[in-house]
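So the chains spell out like this:
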Amino acid sequence: MNLHNKKKILLSITFSIFTFLLIAGEVESMLKPGTIKGIVYDSNTREPLEFATITVKNAEDGALVTGAITDINGFFRLIDIKKGTYFIEIGFLGYNDKVIEDVILDDEQESINLGNIELSPMDEMLDEVVVVADRPTMSYQIDKKVINVSQLHTSASGTAVEILENIPSVTVDIDGDVSLRGSGSFTVLIDGKPSILDANDILNQIPASQIENIEIITNPSARFDPDGVAGIINIVMKQNRLQGINGIANLNAGSFNRYGGDFLVNYRRERFNFYLGGDFNERGRPGQSITQSQSFGSDTTYLNSEGSFDRIRNSWGFRGGVDFNIDPQNTISVAYRMGDRDRGGQSERLYEEWSTINPGRYMYTSLEESYRGGISHTFTLDYKLDFNQDGHNILATAVFSQRESEQSSLNMLLNESLDTISGQRAFEEGPRSRYTFRLDYTLPLNENQRFEAGYQTRIRLQEETNNMFEFNPEISAFELSDMFSKAVEYNTFIHSLYSTYSGEIDKLGYQFGLRTEYIDRSINLVGDPEDYALNRWDYYPTMHFSYQLPLEQQVMASYTRRLQRLRGWYLEPFYTWRNAYSIRIGNPNLEPEYIDSYELSYQKRFTQNVLSADLYYRITNNKIEWVRSIYDDQPNVLLTTFENVGKAYSLGTEIMMGFDPTSWWHFDVMGNFYDYRQRGELYGRDYSTSSFNWNVRLNNDFRISSGTRLQLMAMYNSPTVRAQGERSGYFFTNLALRQNFFDNDLSVTFQVRDIFGTMARESTNFGDDFYTFRTWDPNTPTFSLRVSFRINNYRADRRVPRDRDNGGMGDMDDF
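Below is a short write-up of the structure.

1. Let's talk about the side chain of Glu89
Then comes step 1: Of note, Glu89 is situated in strand β5 (residues 84-91).
Then comes step 2: By relative accessible area, which is 7% here, Glu89 ends up buried.

2. Remarks on the nonpolar core
Then comes step 1: Of all hydrophobic cores here, the largest spans 21 residues; its most connected members are Ile36, Val40 and Ile88.
Then comes step 2: Among the elements that make up this core, the one with the highest residue count is strand β7 (residues 111-119) (four residues).
Then comes step 3: Those residues within four positions of Val40 in sequence are excluded, and the remaining contacts are Glu47, Pro48, Leu49, Ala52, Ile54, Thr70, Gly74, Phe76, Ile90, Ile117 and Leu119.
Then comes step 4: Counting residues in hydrophobic clusters, the runner-up holds 17 residues, among them Val188, Ile216, Ile233 and Met237.

3. Comments concerning a negative patch on the surface
Then comes step 1: On the surface, a cluster of negative charge is contributed by Asp106, Glu108, Glu110 and Asp506.
Then comes step 2: Look at Glu110 and you get partly exposed, because its relative accessible area is 37%.

4. Points about unusual backbone geometry
Then comes step 1: Residue Thr780 is joined to Pro781 through a cis peptide bond whose omega torsion reads 5°.
Then comes step 2: In this fold, Pro781 is placed in the loop between β44 (770-778) and β45 (782-791).
Then comes step 3: Of note, the phi angle at Leu418 is positive, near 65°, even though the residue is not glycine.
Then comes step 4: With respect to the helices and strands, the residue Leu418 is situated in the loop between β22 (393-414) and β23 (420-444).
Then comes step 5: Although it is not a glycine, Asn622 sits at a positive phi angle of roughly 60°.
Then comes step 6: The exposure class assigned to Asn622 is partly exposed, which follows from its relative accessible area of 28%.

5. Describing the pattern of salt bridges
Then comes step 1: Tallied over the full model, the rule gives 24 salt bridges.
Then comes step 2: One salt bridge in this structure joins Glu517 and Arg458, with 3.6 Å as the shortest N-O distance. Of this pair, Glu517 sits in strand β27 (residues 508-525) while Arg458 sits in strand β24 (residues 449-472); the two residues are 59 residues apart in sequence, bridging distant segments of the chain.
Then comes step 3: According to the relative accessible area criterion, Glu517 is buried, its value standing at 3%.
Then comes step 4: Arg584 is the salt-bridge partner of Glu572, the closest N and O atoms lying 3.6 Å from each other. Here Glu572, found in the loop between α4 (568-571) and β30 (575-579), pairs with Arg584, found in strand β31 (residues 582-585); they are 12 residues apart in sequence, far enough to count as distant.
Then comes step 5: On the basis of relative accessible area, Glu572 is assigned to the buried category, the value being 2%.
Then comes step 6: With a relative accessible area of 12%, Arg584 lands in the buried category.
Then comes step 7: Among the ionic contacts, a cluster of salt bridges with common partners joins Asp225, Asp227, Arg458, Arg460, Arg515, Glu517 and Arg565.

What counts and how
- Residues numbered from 1 in each chain as written.
- Predicted model: local features only at pLDDT ≥ 70, side-chain atom pairs only at ≥ 80, totals over all residues.
- Heavy atoms only, no water.
- Helix = DSSP H or I, 4+ residues; strand = E, 2+ residues; numbered from the N terminus.
- Buried < 20%, exposed > 50% of the residue type's maximum accessible area, 1.4 Å probe, protein only.
- Core = buried A, V, L, I, M, F, W, Y, C linked by side-chain atoms within 4.5 Å.
- Contact = heavy atoms within 4.5 Å.
- Patch = residues over 30% accessible without salt bridge, like charges linked within 9 Å, V, L, I, M, F, W, Y side chains within 5 Å.
- Areas by Shrake-Rupley, 256 points an atom, 1.4 Å probe, with all protein chains shown as cover.
- Salt bridge = Lys/Arg side-chain N within 4 Å of Asp/Glu carboxyl O.
- Lys, Arg positive; Asp, Glu negative; His and termini not counted.
- Charge placed at Lys NZ, Arg CZ, Asp CG, Glu CD.

This is the structure:
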């Protein structure tokens, strides 16, 4: 079956499903018109309560009619309710329940808005009952997917990256680098705020055990920054809502020098909340690699190598914060985080070199070491003013981030006698600072309409010094190379204005937004009189729609315009040696990528399970490609630069479904299928390419007993192609077993990653004058053990009193 037919079949199946479900939904909508909605808040903090339970019961006999849980904004909507008189029970674990009597649906009032519903937190919970019901693994909102991290035990001892391996929109390569819907360009937020670290660095640094939820936002509204081709990954960190002192501590250890630990302590009293946390992780990944290279010119040169590598990702950090409710209208929050991360490794490879003219084999050894890290600090200040009208507020935010960036690399070539014949040592360092000031205003116009507007300033300042040293065999020492040693300054100022207007008309929800930005960017290479400057206005419209169907079904559609800002090293107008066989130069005239993104989604809820089908189409303008060629007539050295080559198109679908075959077995199946096409040329060379890509994930969760869980995850990612290369497909399977002790205060989780050792991957790169084939084979399987201890009931299955009166249910481098 050719690629064109696959594409037509994919579209036909997807649209057939949408059409059938829409027609079925409209027939049912004529039978049950009643709707009840509202928002649930914490009475002290005025924060919305996610996963609060809403139960509708018949007023005559107390029979259960329907129910729901609140979303991340505390919002709920109950539809398809027959005419009659009901009472509503609202409950949340760790809070006092509330009952609303005499809720009447009739011909005159088919839709009821209960408004803001406040629940008061319980104090210390002495009389206890353990509730073991699970939150759903994944929930959906109009613009995001929310992943419940507590249900992903196969990632318990890892980082955010291991969690994202379980998410259908995301793929993770052998180096731990993340792609969102096939693109490595996305934005990472921590509790809705930016980080000074690169996206992949921060994801590899945060322990999974300190994460509450991960939000995948593929088509963000105008309220968000437009950065990133594929959207936003928002990491929501844990903060317990229970009164008093509580906390959690974790220790983990595993094979191949993998170990770490973290803790989080929370103290909450009425209007005051304080938290303090810390983490430390060592993550080694050893393995073997093979490379076979050819370069073509007047002579064909061959260079083969094989050897071992050890990739290292180490990190430590502390975070703390204070939330203070001055009065019901005024809240102030202060947070601080500092940390360090070390991403690098070492390798030893044996090289064999020859050519058609000189067929004699020349053997030598290459020793490489690399390091990239630096201590970072982030300080955040929030002030929120709530007016008398519910939902009418102003939020002011200031974020300051600073990092001392350090990067080094060492490459030594040794002959068969182990004498050093050449070498390179490179250092890159300098401070990076980012200041963000933001003001957001929200005005409810009536119960169904809302207006939002805001202003933001982002300031990014960076200084970078690059020093390159070359080994001189005559004196057996390194000497500074002025040709490859440079200093550069980056200054970027971005001013943004946005507004959104949202509302509801019966079952139709809508949101329109517009964001405009002015960017002032300059790059100054010390000693170069030319100033590489950019001054430009840009506009980013957004549209979101949702339509409620009967039987807890929903259809959503959206459009957003986004951009991929340019990383600093994409723009550097000088050569940088990466190792003895790879050199890079940036392109200061590079244009950013602009993306038009369209989505159509359908969701159907079955109790705690959800069927979701997304159809997406993405057009990337000014497509950026890594362009490789032979450097300066050196046949074994590849030069990498960056160029705009044309347009790229991605058309795909994501399908997710959860099942409960039995009361003790939960099963999730997730798949992402997309067609990728690129059209363009550079210097007369055609850079067009196409591929059909797909990945499938299967998650099995077995409840062996009330305190014992077994989880099995399998994932396959298909081969893919690029303009100058391709990558093979790969498959792996993970297993986790968790056992709780002492009334769930202590839990032990044993994990095995890549059980069958199938994670090895191959890639090929080629051009007019070169060809390279590589294999990476990490040492697997890996084993790890995590021990978690909860202090004073810090856990998801919170405890509630028995004597309830009412019923209830339990990068800095982007420019």
